[in-house]
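# Geometric and topological summary
Letter by letter, the chains look like this.
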Amino acid sequence: MQARREKLARLQELGIDAYPHHFERKHLAHDILTQYEQCDGKEVTIAGRLMALRKMGKAAFAHLEDSSGRIQIYVRKDDIAESEFEAFKLCDIGDIVGVTGTVLKTRTGEITVQAKAFALLTKNLRPIPIVKEKIEGDQKIVYDAFADKEMRYRQRYLDLIVNPEVREVFIKRTKVINSMREYLTGRGFLEVETPILQPLYGGATARPFTTHHNTLDMTLYMRIANELYLKRLIVGGYDGVFEFAKDFRNEGMDRFHNPEFTMMEVYVAYQDYHYMMDLVEEMFGKIAMDVHGSYKITYQGQEIDLSPPWPRVPLLEAIEKETGHDLYGKNLDELRAIADELKISTDPTWGEGKIIDEIFGELVEPKLIQPVFITDHPLSLSPLAKKHRDKPGLVERFEPFIAGKEMGNAFTELNDPIDQRERFMAQVALKERGDDEAQPLDEDFLRALEYGMPPTAGLGVGMDRLIMLMTDQYSIRDVLLYPQMRPEQY
RNA sequence: GAGGGUAUAGCUCAGCUGGUAGAGCAGCGGCCUUUUAAGCCGUUGGUCGAAGGUUCGAUUCCUUCUACCCUCACCA
């Protein structure tokens, strides 16, 4: 760093501005590389960061990387102005430069821009990690990869500078979101925005973050979901609404959980969960096509085929198939005995639904690699879902599973205000028993239902997990630009 | 919350059963006008994550702390 500051001083002595205001870039590296035939011999103007430098006295080769890719430049003393060559001699890897020159192929066949004019655009004062690459046939061998995870997450800008594949992941992230937005908008649904700061949280079972509004002098909660607000909009008369929502949950963190994460929720009037399953498999298929050009993707070495339709398996059938036990209609004692037999440890405070969920989570969920809809969950676990039309004790709900992970949650929405009040009361009872994740009663939401919500299908999709799947990333931190970290100590 | 792992030069990493640190790349100086992990010659560089302890002596052994990673628990 010291050396770079000295270079900066020398540049100033030479009257060279190390931080000019503007540069008229006209071409991108990628375009030159892919359209070499048209570019050969022509003049181009490119700009980017120096990522490799091979100086040879009065000439040098370097690699310049812009947003589109990396291209070699060739700088000869005789080809550019003397002051420009002086500036070039003071350049380091990491500097941002602009080059005007002619496109040619070198003796070794690499497409190169031979500089006729050179400008330093931004002097780098802090050395970037040097990653060396060697191309051997089609194989790119990387030496000394910048891989320190802590540094990559804390200094994401460095990660992005040095690791092009990381840049690619976040481009795909946006593609996934755009593709989904396009799909939902194409269906005629209305994208809306609902409050993040809420006086009452709801719509999911989770502990919220709490904050305080000074002027109103009241507690506000960061939303854990936006479900209840979106359903109020269906009451209001919209046929379909959706939102890409940052939600916040004050819970543990691991490779699938970050305290703030993105959920897409959509609600459609006059539809039920069967419609929503159709929608999910079609929408996920479109996203895979838009991002990969195929229904077949690879996640962590597993081949996954998203071609619709996907199997639809009731949760209890899935358990029976795996364990041989039919849990439908079983009482608490019977369920506990079966759990013991299956060597699933249970907690004495758990109800029937929780035990069933636990058995499913332990024995079935990890095996659901190919896309599947698991349907018809126990009522006690789903306080916002409508009762099943044929199966007492269950609700019309489904969760899509891919690669052993739940990708979302959906139901035929509960629109009976009296039933909804009873479900809320059950939650309140749980809360009083000490379950700090149970949902509070939302009197205004009940009032809205009393005005009448049409039959409605609703869906929530965990976007970060979907993006992990679509970008083949192992950890949620690798699909979040700024994953939550403890403060760095200086 | 429990257990395990990691922390050494700007980056990637060595460093045995205790004797105050080493390589490659980067950097700096020199040579070099088609190189590509450029090359050749020379050279700088470190509070060994932090604080204590044991010891004549600690990067190494012990304790505590901090951060990150992994597994489990909690949780979607």
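## Here we look at the pairing of strand E17 (residues 372-375)
Alternating residues of E17 divide into Val 372 and Ile 374 and Phe 373 and Thr 375, and every residue in both groups is buried. With three bridges connecting them, strand E16 (residues 312-314) and E17 associate as parallel partners. Note on E17: the bridge partner recorded for Arg 312 is Phe 373. Of the pairings in the sheet, the one linking E17 to strand E18 (residues 397-402) comprises four bridges and is antiparallel in character. Note on E18: the bridge partner recorded for Ile 374 is Glu 399.

## Thoughts on the packing of aromatic side chains
Within the structure shown, the criterion is met by ten aromatic pairs. Aromatic side chains Phe 242 and Phe 244 sit 6.1 Å apart centroid to centroid with 90 degrees between the ring planes, which places their arrangement in the edge-to-face category. With a relative accessible area of 0%, Phe 242 lands in the buried category. On the accessibility criterion, Phe 244 (16% relative accessible area) is buried. Sitting over the ring of Tyr 229, Arg 232 keeps its end group 4.9 Å from the ring centre. For the cation-ring pair, Lys 405 lies above Phe 256, with the distance from its terminal atom to the ring centre recorded as 4.2 Å.

## Structural notes on the pattern of salt bridges
Evaluated as defined, the whole model comprises 41 salt bridges. For the salt bridge of Arg 152 with Asp 159, the shortest nitrogen-to-oxygen distance reads 2.8 Å. Arg 152 gets classed as buried once you look at its relative accessible area, which sits at 12%. Overall, the relative accessible area of 0% leaves Asp 159 in the buried class. Connected through shared salt-bridge partners, Arg 4, Lys 7, Asp 92, Asp 95 and Lys 123 make up one network.

## With respect to the confidence of the model for chain A
When the pLDDT values of chain A are averaged, the result is 93; 99% of them are 70 or greater. Strand E7 (residues 139-143) is the least confidently modelled element of chain A, averaging 80 in pLDDT, while strand E8 (residues 190-191) averages 98, the highest of any element. In the predicted assembly, ipTM is 0.89 and pTM is 0.93.

## Structural notes on the nonpolar core
Judged by nonpolar contacts, the single largest core of 47 residues is most densely connected at Met 180, Met 264, Met 276, Met 283, Leu 459, Met 463 and Leu 466. Residue assignment for this core shows that the elements contributing at least two residues are helix H7 (164-186), strand E12 (240-248), strand E13 (260-269), helix H9 (273-292), strand E14 (296-299), E18, strand E21 (456-462) and helix H15 (463-471). With eleven residues, H9 is the single largest residue contributor to this core. Dropping the residues within four chain positions of it, Met 463 is found in contact with Val 176, Ile 177, Met 180, Phe 244, Thr 262, Met 263 and Met 264. Counting residues in each nonpolar core, the second largest holds 32 residues, with Ile 46, Leu 64, Phe 85 and Leu 120 among its members.

Basis of the calculations
Residues numbered from 1 in each chain as written. Chains lettered and ligands numbered in written order. Predicted model: local features only at pLDDT ≥ 70, side-chain atom pairs only at ≥ 80, totals over all residues. Heavy atoms only, no water. Buried < 20%, exposed > 50% of the residue type's maximum accessible area, 1.4 Å probe, protein only. Helix = DSSP H or I, 4+ residues; strand = E, 2+ residues; numbered from the N terminus. Pairing = 2+ DSSP bridges. Phe/Tyr/Trp six-rings, centres within 6.5 Å; stacked < 30°, edge-to-face > 60°. Lys NZ or Arg CZ within 6 Å of the ring centre and 35° of its normal. Salt bridge = Lys/Arg side-chain N within 4 Å of Asp/Glu carboxyl O. pLDDT = per-residue confidence, 0-100. Core = buried A, V, L, I, M, F, W, Y, C linked by side-chain atoms within 4.5 Å. Contact = heavy atoms within 4.5 Å.

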